[in-house]
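Below, each chain spelled out in residue letters.
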Amino acid sequence: MSVKTFEYSPEVRWSDQDMLGHVNNARMITLIEEGRIRWLHEAKAGSLTGGGMLVANQSIDYLLPVMYGPELTMTVTIKRIGNSSFTVHTRGDQSGQKVFNSDVVLVHIDRETGKPSPIPEGIRSILGEYVAS
């Protein structure tokens, strides 16, 4: 069985640059979030009935500066699925080179208690299609 991926090319704006001429790190978090939300919507995983999601941890390893101009392509997969959390991996490519790796740990929470709750089987099944080996 092949692993599904989601690709997204956000619009990198002139105003996303910092004074050094590359995309500001805070803007990168926003661009990665936008890709992740679009993926969740497309995968129909965003409808966590009775629950919500909380970002528990996020990291970005920059390999090269992300620049304004060349198309940025982000590829989303799942790195790990736990009982109540999962790790979304986003790879960024620009001008034929890998420019960053990002991991975001999302925790499924009960909206009433605000506490972690098990990921429903339907959502777990959707997420499982994107688990990279």
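Please refer to the structure higher up on the page.
Source: prediction; values computed, not measured.

Enquirer: Can you help me understand helix H1 (residues 25-42) in this one?
Expert: With 18 residues, H1 should cover 26 Å at 1.5 Å per step; its first-to-last C-alpha distance of 26 Å lies within 8% of that length. Among the residues of H1, those classed as buried are Met28, Leu31, Ile32, Gly35, Arg36, Trp39 and Leu40. Put simply, Asn24 is the residue that caps the front of H1, since its side-chain oxygen is 2.7 Å from the backbone nitrogen of Ala26. The positive-phi residue at the C-terminal boundary of H1 is Lys44, with phi of around 65 degrees.

Enquirer: Sorry if this is basic, but what is going on with the packing of aromatic side chains here?
Expert: Two measures describe an aromatic ring pair: the distance that separates the ring centres and the angle between the ring planes. For the coordinates displayed, the defined rule picks out two aromatic pairs. Each ring, one from Trp14 and one from Tyr68, has its centre 5.4 Å from the other, and the planes form 85 degrees; the classification is edge-to-face. Of the two residues, Trp14 sits in the loop between strand E1 (6-8) and H1 while Tyr68 sits in the loop between strand E2 (51-62) and strand E3 (72-81), which places them 54 residues apart along the sequence. We classify Trp14 as exposed; its relative accessible area is 62%. Of the residues examined, Tyr68 reaches a relative accessible area of 37% and is grouped as partly exposed. When the centroid spacing of 5.3 Å and the interplanar angle of 80 degrees are considered together, the rings of Trp39 and Tyr130 count as edge-to-face.

Enquirer: Is there a simple way to think about the side chain of Ser117 in this case?
Expert: Tracing the sequence through the fold places Ser117 in the loop between strand E5 (97-110) and helix H2 (121-128). Contacts of Ser117, omitting those with residues within four sequence positions, involve Asn83, Ser84, His108, Ile109 and Asp110.

Enquirer: Would you mind going over the environment of Glu129 with me for this structure?
Expert: Following the sequence through the fold, Glu129 ends up in the segment after H2. In sequence terms Glu129 and Lys4 are 125 residues apart; their C-alpha atoms lie 5.8 Å from each other. Not counting the four nearest positions on each side in its chain, Glu129 is found in contact with Val3 and Lys4. A distance of 2.7 Å separates a polar atom in the side chain of Glu129 from a polar atom in the side chain of Lys4.

So, how was this worked out
- Residues numbered from 1 in each chain as written.
- Predicted model: local features only at pLDDT ≥ 70, side-chain atom pairs only at ≥ 80, totals over all residues.
- Heavy atoms only, no water.
- Helix = DSSP H or I, 4+ residues; strand = E, 2+ residues; numbered from the N terminus.
- Expected span 1.5 Å × (residues − 1).
- Buried < 20%, exposed > 50% of the residue type's maximum accessible area, 1.4 Å probe, protein only.
- Polar contact = N/O pair within 3.5 Å; in protein donor to acceptor, adjacent residues only side chain to side chain.
- Phe/Tyr/Trp six-rings, centres within 6.5 Å; stacked < 30°, edge-to-face > 60°.
- Contact = heavy atoms within 4.5 Å.

Purely geometric stuff here, so don't read any function into it on its own.
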